[in-house]
Amino acid sequence: MSLLAFEFFASSVFAVITTMYALRALRQERSDVAPPEEHLGLLHAGGSFAAECAAFAAALVAVAVGRLTTRCTAPARRGPLILVHGFGGNRGCWWLLRRRLANAGWGPICAFDYRSLRFDIDAAARDLKRFVDATAASAPVKPVALIGYGIGGLIIRSFARRYPAPRVRRIVTLGTPHSGTEPARWIPSLAEIVPDSKLINGLNAGDRLPQQFDFIAIHSNFDATVLPASSSHYPLAFNIQVNDVGHYALLLSRRVYRLLAENLEAPTQ
């Protein structure tokens, strides 16, 4: 990459993330002010912002080469995991998290891909059903755990509501807009996930998934893609909030990985 191309890439990343956090600040100023104990100091917030810029840049590169990565890793002693990426992504975005999980003894770790720029959540859920069945058949003894990032968590919820999933014991979401997100109003392809949309209302009406599965929702108050921040809270699930990790950094954060690993390793009820 030439110096000029790198400068353009870096400035574009900075512009996108800056816009996202400017909109977040405006939204918080209007109605969604975080409790005082969740406010970050200037240096802390600056460091978290820089980490989010780096994570977004890494995500763009990972998605660009994502199709070159393997769909599934080898079977391992802890059993199968299925990863469902978010908007605009593919299996490449899981590169670091999948490596960490594989090193911890999980496998096969299989990444489910779907058309993620112009998508249909119900159609993706139908395809996920076939993918779960095939993955479960490849590891017939161990229970299956699902991990959804961003919109991927909504696809998992749609799948689990519509189809039987006897082999699935645990579901984890990372930065999922369980009650929708306001920025979706500005992107036509995200109309399904605006707050109070037909899809969001349908998923949340009479929802019994947290009683049927061991359900963990990990989210961050520093996430600028899920607004208001309270939308990432999933009622009745086991919610874990961090306060200084951006949306893209959720996939790279060592602290978030440790939280995820602890909950994956915990005995199922």
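This report concerns the structure included in the present document. These numbers come from a predicted model, not from an experiment.

## Considerations on the overall build of the protein chain
On a plain count of helices and strands, the protein chain comes out with eight helices and six strands. Listing every helix and strand of the protein chain by position from the N terminus yields α-α-β-α-β-α-β-α-β-α-α-β-β-α. Within the protein chain, the proportion of its 269 residues that are buried is 53%. When the accessible surface of the protein chain is summed, it comes to about 12800 Å², and 60% of that surface belongs to carbon and sulfur atoms.

## Considering the pattern of salt bridges
Following the criterion strictly, the structure yields 10 salt bridges and no others. Here Arg-78 makes a salt bridge to Glu-265, at a shortest N to O gap of 3.2 Å. Placement of the pair is Arg-78 in the loop between α2 (42-64) and β1 (81-84) and Glu-265 in helix α8 (residues 254-265), with a sequence separation of 187 residues. We classify Arg-78 as partly exposed; its relative accessible area is 29%. A single salt-bridge network, built from bridges that share partners, covers Arg-157, Arg-161 and Asp-207.

## Quick word on the packing of helix α3 (residues 95-103) against α8
Axis separation between α3 and α8 bottoms out at 11 Å; the angle between their running directions is 45°. Accordingly, the angle class assigned to the pair α3 and α8 is oblique. Here α3 runs over α8; the crossing is right-handed. Along the contact surface, α3 presents Leu-97, Arg-100 and Leu-101, while α8 presents Arg-254, Tyr-257, Leu-260 and Leu-264. Across the contact of α3 with α8, the residue classes tally to five nonpolar, no polar and two charged.

## Some details on the side chain of Ser-253
Secondary-structure assignment places Ser-253 in the loop between β6 (238-242) and α8. What makes Ser-253 buried here is its relative accessible area of 15%. A distance of 3.1 Å separates a polar side-chain atom of Ser-253 from the backbone nitrogen of Val-256. The residues touching Ser-253, leaving out its near neighbours within four places in the chain, are Arg-100 and Val-245.

## Description of a nonpolar patch on the surface
A cluster of nonpolar residues, Leu-23, Leu-26, Phe-87, Leu-117, Trp-186 and Ile-187, forms a patch on the protein surface that exposes about 550 Å² of accessible area. Inspection of the secondary structure puts Leu-26 in helix α1 (residues 3-30). Note on Leu-26: relative accessible area 37%, which makes it partly exposed.

## Describing the packing of aromatic side chains
Using the criterion set out here, one finds six aromatic pairs in the structure. Each ring, one from Trp-94 and one from Tyr-149, has its centre 6.3 Å from the other, and the planes form 75°; the classification is edge-to-face. In this pair, Trp-94 is assigned in the loop between β1 and α3 and Tyr-149 in strand β3 (residues 144-149), connecting sequence segments 55 residues apart. On the basis of relative accessibility, which here comes to 5%, the residue Tyr-149 falls in the buried class. Members of the aromatic cluster, connected to one another through ring pairs, are Phe-112, Tyr-114 and Phe-131.

What counts as what
- Residues numbered from 1 in each chain as written.
- Predicted model: local features only at pLDDT ≥ 70, side-chain atom pairs only at ≥ 80, totals over all residues.
- Heavy atoms only, no water.
- Helix = DSSP H or I, 4+ residues; strand = E, 2+ residues; numbered from the N terminus.
- Buried < 20%, exposed > 50% of the residue type's maximum accessible area, 1.4 Å probe, protein only.
- Areas by Shrake-Rupley, 256 points an atom, 1.4 Å probe, with all protein chains shown as cover.
- Salt bridge = Lys/Arg side-chain N within 4 Å of Asp/Glu carboxyl O.
- Axes fitted to C-alpha atoms, helices over the stretch in contact; angles between N-to-C directions.
- Parallel < 35°, antiparallel > 145°, perpendicular 65-115°, else oblique.
- Left-handed = near helix turned anticlockwise from the far one by under 90°.
- Contact = heavy atoms within 4.5 Å.
- Nonpolar A, V, L, I, M, F, W, Y, C, P; charged D, E, K, R; others polar.
- Polar contact = N/O pair within 3.5 Å; in protein donor to acceptor, adjacent residues only side chain to side chain.
- Patch = residues over 30% accessible without salt bridge, like charges linked within 9 Å, V, L, I, M, F, W, Y side chains within 5 Å.
- Phe/Tyr/Trp six-rings, centres within 6.5 Å; stacked < 30°, edge-to-face > 60°.

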